[in-house]
Amino acid sequence: MRYLLILLCLIAAPAVAEPWTVKLRSPAAYDADTLYVLVPSLPESLQRMSIRVMGIDAPEIRGKCEREKVHARAARDFVLSALKGEEVVTVDVIGWDKYGGRIDAHVALPDGRDLGTVLVRAGLARVYDGGARRGWCD
């Protein structure tokens, strides 16, 4: 029910086309492509949500091999370092992610750079268009 309400707020809110300023929760990131945030503009019961960084595939914390898990922790730590000391970030909300548990969004770092682009350039994530994912254990 909660996710349905969030989805309805996203659909009904005219500000969806405009960037949102969201508060980072602690810890701010589960892995490199999942941020934990509060959205103050939503009703209090709906404010806590997860945002999936659009356009990237990052290794998973619960990966299929130790190599993937090591890379996932490095990527997550990079994100946490980039956000260290920050209370808010700006996101351009795209919509509901394909699994239904997160909001897809482009995330701007405090200096204005796109988080996904920064992760790809650092070799910590790959460009991802929503299709089949390549493994990280090769």
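Given the structure is predicted, the values throughout are model-derived calculations rather than measurements.

A. Here's a closer look at the sheet that holds strand β1 (residues 20-31). Taken in spatial order, the five strands line up as β1-β2-β3-β6-β5 and close into a barrel, and their pairing is mixed. Averaged over all pairs of adjacent strands, the angle between strand axes in this sheet comes to 55°, irrespective of strand direction. Of the pairings in the sheet, the one linking strand β3 (residues 48-53) to strand β6 (residues 103-108) comprises three bridges and is parallel in character. Note that in β6 the partner of valine 53 across the bridge is alanine 105. Each of β1, β2 (34-38) and β5 (88-96) touches helix α2 (residues 66-83); the most contacted strand, β1, lies at about 140° to it.

B. Focus on the side chain of serine 50. Examined against the element boundaries, serine 50 turns out to sit in strand β3. Overall, serine 50 belongs to the buried group, its relative accessible area being 17%. Not counting chain neighbours up to four residues away, the residues in contact with serine 50 comprise Thr34, Leu35, Tyr36, Gly101, Arg102 and Ile103.

C. Representation of the pattern of salt bridges in the model. Counted by the stated rule, this structure contains seven salt bridges. Salt-bridge contacts for aspartate 57 lead to arginine 133; the nearest nitrogen and oxygen are separated by 2.8 Å. Here arginine 133 lies in the segment after β7 (126-127) and aspartate 57 lies in strand β4 (residues 56-57), a separation of 76 residues in the sequence. Note on arginine 133: relative accessible area 40%, which makes it partly exposed. Here aspartate 97 ties to arginine 102 by a salt bridge, and the two come within 3.3 Å at their closest N and O atoms. By relative accessible area, aspartate 97 is classed as buried at 4%. For arginine 102, a relative accessible area of 19% translates into the label buried. Connected through shared salt-bridge partners, Asp57, Glu60 and Arg133 make up one network.

D. Quick peek at the pairing of β3. Counting buried positions along β3 yields five of six residues, so the element is predominantly enclosed. Pairing analysis gives five bridges linking β2 to β3, with the strands arranged antiparallel. By the bridge assignment for β3, leucine 35 is matched with isoleucine 51.

E. Expanded view of the environment of alanine 28. When you line up the elements, alanine 28 lands in strand β1. According to the relative accessible area criterion, alanine 28 is buried, its value standing at 11%. Remark: the alpha-carbon pair of alanine 28 and valine 88, spanning 60 residues in sequence, is separated by 10.0 Å. Non-local contacts of alanine 28, meaning those with residues more than four positions away in its chain, are made with Thr34, Leu35, Tyr36, Leu80 and Leu83.

F. Focus on unusual backbone geometry. Note the cis peptide between serine 26 and proline 27, where omega equals -5°. Topologically, proline 27 is positioned in strand β1.

What counts and what doesn't
Residues numbered from 1 in each chain as written. Predicted model: local features only at pLDDT ≥ 70, side-chain atom pairs only at ≥ 80, totals over all residues. Heavy atoms only, no water. Pairing = 2+ DSSP bridges. Helix = DSSP H or I, 4+ residues; strand = E, 2+ residues; numbered from the N terminus. Axes fitted to C-alpha atoms, helices over the stretch in contact; angles between N-to-C directions. Contact = heavy atoms within 4.5 Å. Buried < 20%, exposed > 50% of the residue type's maximum accessible area, 1.4 Å probe, protein only. Salt bridge = Lys/Arg side-chain N within 4 Å of Asp/Glu carboxyl O.

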